[in-house]
Amino acid sequence: MDAIVDPGDETRPGLRDWKAWFAEYDNPGSSLAQRLAVVQRGIQRALDEAPAGSIKILSLCAGQGRDLIPVLAEHPRRADVRARLIEFDPAIARVARDAAAATGLDGVVDVVTGDAADPALFGDYAPADLLLLCGIFGNITEADIQNTATRAANLTARGGTAIWTRHRFDPAVIPRIHGWFTAAGFSDLWESDSELPTAVYVAGNRHERNPAPLPDDTKLFTFVK
Ligand SMILES: C[S@@+](CC[C@H](N)C(=O)[O-])C[C@H]1O[C@@H](n2cnc3c(N)ncnc32)[C@H](O)[C@@H]1O
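Everything numeric in this text was worked out from a predicted model, so none of it was measured.

Caption draft 1: Layout of helix 1 (residues 31–49). In this model helix 1 runs 27 Å from its N-terminal to its C-terminal C-alpha over 19 residues, within 8% of the 27 Å that 1.5 Å per residue would give. Buried within helix 1 are the following residues: Leu 32, Ala 33, Arg 35, Leu 36, Val 38, Val 39, Gly 42, Ile 43, Ala 46 and Leu 47.

Pasting the structure below:
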C-alpha cells in the first residue's frame, strides 16, 4: 500500500527519530525487554484463545514488529492470521518487513509505511481480533489517549483483545486510561505485574460489544514526543 505521508519526510517537525530506541530490546535486563516479554505473553494468549477461523491483527506504530512477529512465527494459528503493521519511519518499517520475510510471514504480515493515526490505512483491518497499541500512550496527549481508547472500540471485534502500554511515572494516568477503555465497552482482562520497573505497564482489555463502523474522518492521535 502507498504511504500517505512522504516516506522520505523524516524531518517532519515534532517527529522524533526512533531508530536507536529499539537497541534496548537487545539488553535482556532492560525495562523495554521486560515490557516486551509481557506484550508477547499477551499476544500468545490472544492467539491461543482465538476462536477457529481467520484472525485479524492490527498493530499501530508497530516499530520493528518485535512483539508480534516472533510470537506469530512460532504459533500454530499463524496460517489463520492476517496482520497489518503500520510504522511511519521507512527504515524501521523495513526492519519489520525483513523480519516477517525471514520467518516466512510475508504473506501473513503486511507492513505499511505511513501514519498509523490515519484510519485510511487500517479501515480494512477493522474490526481486528487483536489490536496492539504499544509504545504510543507515553508519547501523545491525554486527550489523544482518550480518543484512541474510544476508537479502539471501533477497531476491535467483539471478544477481541486490545493490548496497550504506558509508563507509570505519573501513575494516576493508568486508572484514567482503564476508565476510557471501560466506557468504550472493554473489560479488564489482565495487567502487568506491579513489581516490574516503573517504565513498564501493559494491559490487555477485551471488547465486550459489537463494534460500530470506524469513522474515517479524523486522526486518532499525534505524537508530541
Ligand atoms: C515507542 S516506539 C514503539 C514501537 C513498537 N510498537 C514497540 O512497542 O516496539 C514508537 C514507534 O512509533 C512510530 N511512530 C511515531 N509516530 C507514528 C505515526 N504517526 N504513525 C506510525 N508510526 C509512528 C515511531 O517511528 C516508532 O517506531
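Caption draft 2: Local environment of the pattern of salt bridges. Under the counting rule described, the total for this entry stands at eleven salt bridges. Note that Arg 66 is salt-bridged to Asp 26, the shortest N-O span being 2.9 Å. Residue Arg 66 is found in the loop between strand 1 (55–60) and helix 2 (68–74), and its partner Asp 26 is found in the segment before helix 1; the two are separated by 40 residues along the sequence. For Asp 26, a relative accessible area of 56% corresponds to the exposed category. Taking the shortest distance from any N to any O, the salt bridge between Asp 170 and Arg 166 comes out at 2.7 Å. With relative accessibility at 33%, the residue Asp 170 sits in the partly exposed group. The exposure class assigned to Arg 166 is buried, which follows from its relative accessible area of 7%.

Caption draft 3: Main features of the site of the ligand. Lining the immediate surroundings of the ligand are 18 residues, of which Tyr 25, Arg 35, Cys 61, Glu 87 and Cys 134 lie closest. Glu 87 is positioned with one of its side-chain polar atoms (N or O) 2.6 Å from an oxygen atom of the ligand. One of the backbone N or O atoms of Phe 88 is found 3.1 Å from a nitrogen atom in the ligand. Split into classes, the residues belonging to the shell around the ligand amount to eleven nonpolar, three polar and four charged.

Caption draft 4: Expanded view of the packing of aromatic side chains. This model, assessed by the stated rule, comprises eleven aromatic pairs. Taking 5.6 Å as the distance between ring centres and 80° as the angle between the ring planes, the aromatic pair formed by Trp 21 and Tyr 25 counts as edge-to-face. Relative accessible area serves as the criterion here: at 12%, Tyr 25 is assigned to the buried category. Where Phe 221 meets Phe 223, the ring centres are 6.1 Å apart and the plane angle is 50°; that geometry is what we call tilted. With respect to burial, Phe 221 and Phe 223 carry one shared label: buried. Taken together, the aromatic side chains of Trp 18, Trp 21, Phe 22, Tyr 25, Phe 221 and Phe 223 make up a single cluster linked through ring pairs. Sitting over the face of the ring of Trp 18, Arg 16 holds its NZ or CZ atom 3.9 Å from the ring centroid.

Each value, and the rule that gives it
- Residues numbered from 1 in each chain as written.
- Predicted model: local features only at pLDDT ≥ 70, side-chain atom pairs only at ≥ 80, totals over all residues.
- Heavy atoms only, no water.
- Helix = DSSP H or I, 4+ residues; strand = E, 2+ residues; numbered from the N terminus.
- Expected span 1.5 Å × (residues − 1).
- Buried < 20%, exposed > 50% of the residue type's maximum accessible area, 1.4 Å probe, protein only.
- Salt bridge = Lys/Arg side-chain N within 4 Å of Asp/Glu carboxyl O.
- Near = heavy atom within 4 Å.
- Polar contact = N/O pair within 3.5 Å; in protein donor to acceptor, adjacent residues only side chain to side chain.
- Nonpolar A, V, L, I, M, F, W, Y, C, P; charged D, E, K, R; others polar.
- Phe/Tyr/Trp six-rings, centres within 6.5 Å; stacked < 30°, edge-to-face > 60°.
- Lys NZ or Arg CZ within 6 Å of the ring centre and 35° of its normal.

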